[in-house]
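Residue strings, one per chain:
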Amino acid sequence: MTLTTILLQQLVNGLVLGSFYALVALGYTMVFGVVKLLNFAHGDLYMVGAFIGLLALSLVAGAVGTSWVGVGLAILLSMLAVGFFGVFIERIAYAPMLKAPRLSILITALAVSLVLQNGVLSLTGGQVMPFSPKLGFAGINLGDIFINYKQIALAGAAAVLMLALELFVSRTQYGRAMRAVSVDKDMSELMGIDVNRIIAVTFFVGTALAAAAGTMAGAYYGSIWYFMGFLIGLKAFTAAVIGGIGSIPGAMLGGLVLGLLESFGTQIPGIGSAWKDVFSFSVLILVLVFKPTGLLGKSEQERM
Amino acid sequence: MRSEAPVVLSLKGVEAGYGRIRALHGIDLEVRAGEIVTLLGANGAGKTTTLKTISGLVRATAGSVTFEGQELVGRKASDIARLGVVHVPEGRHVLRGLSVRENLELGGFTVADPKLRRERLEHAFSLFPILRERQHQDGSLLSGGEQQMLAIGRALMHGPKVLLLDEPSMGLAPKLVLETFRIIRDLNQTGVTILLVEQNARLALKLADYGYVLETGAVRMAGDAETLGASTSIVEAYLGA
């Protein structure tokens, strides 16, 4: 393989990985926007999404099989179920803590993360479970690079979800209300916006995106387990910070940038794939030091 | 003489505060349909807190606030806004990151009918042509005067019955202050009842029908705007000349 081929192949891999990161980072950043909470349980909701996706796939398998249609349905069902689950968690765990000091709600998020991980651990016995849809290994050759149909479909689905989110946030009254709540809660209330309802909608949408990513990751990598959300939670946080936490386009961009950095990073001589995570988190530290507002984040200054 | 119109907004013995600090010690006041009523007083007299208590941002700890006969104390601010009591807070609070048009459209959040929302948007643009020109700009990048127009236009998107205006002239150039007051009068003439908090007491009394003077969280004096304005002792003692 020539260097160009390797780089192009890594570009494809990086975009697929990046679109998973972006989907998870979006929920992180949206929740941070409306309640200023770093939801450390977000990665675990991705994990729960993968398991619910597998459950949904087995339920629909009889009717539509476990190929493209089945996986598509499993993604949608998982988004719906886990979306409501995210709202439920917000109501019982976070809502009572919103007026408490910031540290309390952060610790609550860590607790929720542990509850979800250990809950799934005890339900599954900690086993790695096969997630084996019949998506096959077919693909297309573009010159020297090979693109799997799975990669095209999953990156495409991620792109569609992000486009839908962008339209929701910019074109609908609820989406605008979400942005209003993230900049000024009191003013939002004065405009007749029920802030608690918008927070619930935000958790629904953010969690549903994580569930979509979890199910897609299951279908892509072929296996899932209770600890799969931990690292991607941290990666999504990194992606959100790179893009500028609180910024929705920032999370999309940050996810793609991180995915590309990782897949190209492993090609640098001396940095093998074993160093992938070190590479990502070094980038996080560099961003925090040199551009804490991220690529698209805005400083908090307000004009009088 | 005060108008004989029915009372739309009434406060009786309202107490409120922030944490342990009590800012209002039993406020009584009335606003009648179609009036412009002004709240005057020095900084810290409780004017802003009174408006916040009416709109539900601050919870009254005692007393009652009624609007068209319905108790407002205990309701969420968003519900009070839905009833038609619309608060334009001090500092205007134009939403950063949302365009001028989006700010306006969100003002109509409680308006379910998209046709009515479009009509009101058109109306706001015709009142403030500069907002139409700048509709795609970030609202927070407007000048102070334009932001004030946006804040008022946004409040009109609700179709308010009572408008609570807090310091609409703050930080504006003198010419714009007069312009803002002219707009308030025009709005009033279209039937919107107005409760106005204002530092510029002389100007406020010229515009208003009735006035209340607050001091340390209580009503110290009330009367026709004309009478209050004519009394030099009042002007000197409470209105800071």
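For the structure, check the block above.
Just so we're clear, the structure is a prediction, and the values are computed from it rather than from any experiment. (Residues numbered from 1 in each chain as written. Chains lettered and ligands numbered in written order. Predicted model: local features only at pLDDT ≥ 70, side-chain atom pairs only at ≥ 80, totals over all residues.)

A. Structural view of the environment of Leu258 of chain A. Residues and elements named next belong to chain A. Its location among the elements puts Leu258 in helix H10 (residues 248-265). Once the C-alpha coordinates of Leu258 and Ala240 are considered, the two residues, 18 residues apart in sequence, prove to be 9.7 Å apart. When neighbours within four sequence positions are excluded, Leu258 is seen to be in contact with Gly18, Tyr21, Lys235, Thr238, Ala239, Ile242 and Ser280. (Helix = DSSP H or I, 4+ residues; strand = E, 2+ residues; numbered from the N terminus. Contact = placed C-beta atoms within 7 Å.)

B. Focus on the packing of helix H1 (residues 3-35) of chain A against helix H5 (residues 149-171) of chain A. Residues and elements named next belong to chain A. Their axes nearest at 10 Å, the elements H1 and H5 cross at an angle of 35°. Of the two possible hands of crossing, H1 and H5 adopt the one that is left-handed. Residue-level inspection shows Val12, Leu15, Val16, Ser19, Ala22, Leu23 and Leu26 of H1 in contact with H5, the latter providing Gln151, Leu154, Ala155, Ala158, Ala159, Leu161, Met162 and Leu165. Looking at the contact of H1 with H5, its residues break down into 13 nonpolar, two polar and no charged. (Axes fitted to C-alpha atoms, helices over the stretch in contact; angles between N-to-C directions. Left-handed = near helix turned anticlockwise from the far one by under 90°. Nonpolar A, V, L, I, M, F, W, Y, C, P; charged D, E, K, R; others polar.)

C. Examining the interface of chain B and chain A more closely. Counting residues at the interface gives 23 residues for chain B and 18 residues for chain A. Looking at the side of chain B that touches chain A, the elements that each hand over two or more residues are helix H2 (77-83) and helix H3 (100-107) of chain B. Of the residues in the side of chain B that touches chain A, the class split is eight nonpolar, 10 polar and five charged.

D. Local environment of the sheet that holds strand E1 (residues 7-18) of chain B. Residues and elements named next belong to chain B. Strand order in the open sheet made by the four strands is E2-E1-E4-E5, with antiparallel pairing throughout. Strand pairing shows two members of the sheet lacking a second neighbour, strand E2 (21-32) and strand E5 (70-71), which therefore form its edges. As paired elements, strand E4 (residues 62-67) and E5 share two bridges and run antiparallel to each other. Within E5, the position partnered with Phe67 by the bridge is Gln70. Of the strands in this sheet, E1, E2 and E4 are in contact with helix H1 (residues 47-55), which crosses E2 at around 70°. (Pairing = 2+ DSSP bridges.)

E. Highlighting the environment of Ala201 of chain B. Residue position: Ala201 of chain B is located in helix H8 (residues 201-207). Distance from Ala201 of chain B to Gly229 of chain B, taken between C-alpha atoms, is 8.4 Å for residues 28 residues apart in sequence.

F. Here's a closer look at the pairing of strand E9 (residues 210-215) of chain B. Residues and elements named next belong to chain B. Most of E9 is tucked away, with five of its six residues classed as buried. Relative to E9, strand E3 (residues 36-40) is paired through four bridges, and the arrangement is parallel. Within E9, the residue paired with Leu39 across the bridge is Tyr212. Looking at chain direction, E9 and strand E10 (residues 218-224) are connected through six bridges and run antiparallel. Within E10, the position partnered with Tyr210 by the bridge is Asp224. Count of turn residues in the E9/E10 antiparallel hairpin: two residues, of which Thr216 carries a positive phi of about 40°. (Buried ≥ 20, exposed ≤ 12 C-beta atoms within 10 Å, placed from the backbone.)

G. Up close: the packing of helix H3 (residues 68-94) of chain A against helix H4 (residues 102-124) of chain A. All names here are of chain A. Interhelical geometry of H3 versus H4 gives an angle of 130° and a closest axis separation of 11 Å. Taken together, the axis directions place H3 and H4 in an arrangement best described as oblique. Between H3 and H4 lies a crossing of right-handed hand. Contacts between H3 and H4 involve Ile89, Ala93 and Tyr94 on the former and, on the latter, Ile105, Thr108 and Val112. Its residues assigned to classes, the contact of H3 with H4 shows five nonpolar, one polar and no charged. (Parallel < 35°, antiparallel > 145°, perpendicular 65-115°, else oblique.)

H. The arrangement of the sheet that holds E3 of chain B in detail. Residue and element names in this part refer to chain B. Strand order in the open sheet formed by six strands is E6-E7-E8-E3-E9-E10, and the pairing between neighbours is mixed. The sheet is open, and its two edges are formed by strand E6 (85-88) and E10, each paired on a single side. Taken pair by pair, the neighbouring strands of this sheet meet at an average axis angle of 15°, ignoring direction. Where E6 lies against strand E7 (residues 162-166), four bridges are found, and the strand directions are parallel.

I. Broad picture of the nonpolar core. The biggest cluster of nonpolar side chains holds 163 residues, and the ones touching the most others in it are Ala22, Leu23 and Val24 of chain A. At 16 residues, the largest contribution of residues to this core is made by helix H8 (residues 195-221) of chain A. (Core = buried A, V, L, I, M, F, W, Y, C linked by C-beta atoms within 7 Å.)

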